[in-house]
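# Commentary on secondary and tertiary structure
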Amino acid sequence: MEKHIPKIETRYDDMAGAVSLNFNETMDFNAFSESVMGVNLLQYEPISLRLYLNHKDMVVTVYAIDKKFLVTEPQNAGKIRVKKFKKDVAPEILFSYIRQIDFTLVNGDFDIESFEVVN
């Protein structure tokens, strides 16, 4: 099944781009969500990861669907109701779950899709 990955949204002016992340084969997103973020996998399905970094903090947020609520309560059209699990996470803890992170950023003057790389 092909995944649909949306284009990256930015709220800042300096640079924007595309990001991908692969978890380790033995420690996937669900394992991270449960053991590090405290998500009860019997009740919640983690669907999104947000990573916020600045010069002194690394804050991780996992957004998860309440499986029971999804079945019993009507959802607003076009919306997915999620619960937020947010906490400071030490880099060595987060990166022990991650195989690789890849991102490319460009300034707002150019579209990365129009690049023709020559060496």
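Described below are features of the structure shown in this document. Since we're looking at a predicted model, the values are computed, not measured.

## Description of a nonpolar patch on the surface
- Taken together, the side chains of Met-15, Val-19, Leu-51, Leu-53, Phe-95, Ile-101, Phe-103 and Leu-105 make up a nonpolar region of the molecular surface, amounting to roughly 720 Å² of accessible area.
- For the nonpolar patch, the elements supplying multiple residues, two or more each, are strand S2 (44-53) and strand S5 (98-106).
- Here the element with the most residues in the nonpolar patch is S5; it accounts for 3 residues.
- Positionally, Val-19 belongs in strand S1 (residues 16-23).

## A look at the sheet that holds strand S4 (residues 83-88)
- Strands sit in the order S2-S3-S4 across an open sheet of 3 strands; the sheet is antiparallel. The open sheet has two free edges, formed respectively by S2 and S4, since each of these has just one partner strand. Taken over all neighbouring pairs, the strand axes of this sheet differ in orientation by 20° on average, direction set aside.
- Note: S2 against strand S3 (residues 58-66), 9 bridges, orientation antiparallel. Residue Tyr-52 lies in a different strand from S3, and its bridge partner there is Val-59.

## Some details on the environment of Asp-88
- Inspection of the secondary structure assignment puts Asp-88 in strand S4.
- Judged by its relative accessible area of 56%, Asp-88 is exposed.
- For the pair Asp-88 and Asp-57, spaced 31 residues apart in sequence, the C-alpha separation works out to 7.1 Å.
- Contact partners of Asp-88, with chain neighbours within four places excluded, come to Met-58 and Val-59.

## As for the pattern of salt bridges
- Scanning the model with the defined rule gives 1 salt bridge in all.
- The residue Arg-99 makes a salt bridge to Glu-25 at a minimum N-O spacing of 3.3 Å. Taken together, the residues span a long stretch of sequence, with Arg-99 in strand S5 and Glu-25 in the loop between S1 and helix H1 (29-35) at a distance of 74 residues.
- With a relative accessible area of 45%, Arg-99 lands in the partly exposed category.

## Side note on the environment of Leu-49
- Positionally, Leu-49 belongs in strand S2.
- Since its relative accessible area comes to 29%, Leu-49 is described here as partly exposed.
- With 36 residues separating them along the chain, Leu-49 and Phe-85 place their C-alpha atoms 9.6 Å apart.

## Notes on the packing of aromatic side chains
- Summed over the entire model, instances satisfying the criterion amount to 4 aromatic pairs.
- For the pair Phe-23 and Phe-32, a centre-to-centre distance of 6.2 Å together with 40° between the ring planes defines the contact as tilted.
- Overall, the relative accessible area of 0% leaves Phe-32 in the buried class.
- The structure contains a cluster of three or more aromatic residues connected by ring pairs, namely Phe-23, Phe-29, Phe-32 and Tyr-97.

Rules behind the numbers
- Residue numbers here run from 1 along each chain, matching the order of that chain's written sequence.
- In view of the model being predicted, local features appear only for residues whose pLDDT reaches at least 70, and side-chain atom pairs are presented and counted only at 80 or more, with totals across whole chains, interfaces and linings using the full set of residues.
- Calculated side-chain values reflect all of the structure's heavy atoms, with hydrogen atoms and water omitted.
- Here the term patch refers to residues with relative accessible area over 30% and no salt bridge, with like charges joined within 9 Å and nonpolar side chains (Val, Leu, Ile, Met, Phe, Trp, Tyr) within 5 Å.
- Residue burial considers only the protein chains on display, and all accessible areas are found by Shrake-Rupley using a 1.4 Å probe.
- Salt bridges, as used here, are contacts in which a Lys or Arg side-chain nitrogen is within 4 Å of a carboxyl oxygen on Asp or Glu.
- Working definition: helices are DSSP H or I runs of at least four residues, strands are E runs of at least two. Numbering for both runs from the N terminus.
- At least two bridges found by DSSP between two strands are what make those strands a pair.
- Between N-to-C directions, angles span 0 to 180 degrees; the directions come from axes that are lines fitted to C-alpha atoms, helices contributing only their stretch in contact.
- Each residue's exposure class comes from its accessible area (1.4 Å probe, protein chains only) as a fraction of the maximum for that residue type: buried when under 20%, exposed when over 50%, partly exposed otherwise.
- The contact definition used throughout considers only heavy atoms, calling two residues in contact when any of these lie within 4.5 Å.
- Only rings of Phe, Tyr and Trp enter the pairing, Trp through its six-membered ring, and a pair is recorded when the two centres are within 6.5 Å. The plane angle decides the type: under 30 degrees is stacked, over 60 is edge-to-face, the rest tilted.

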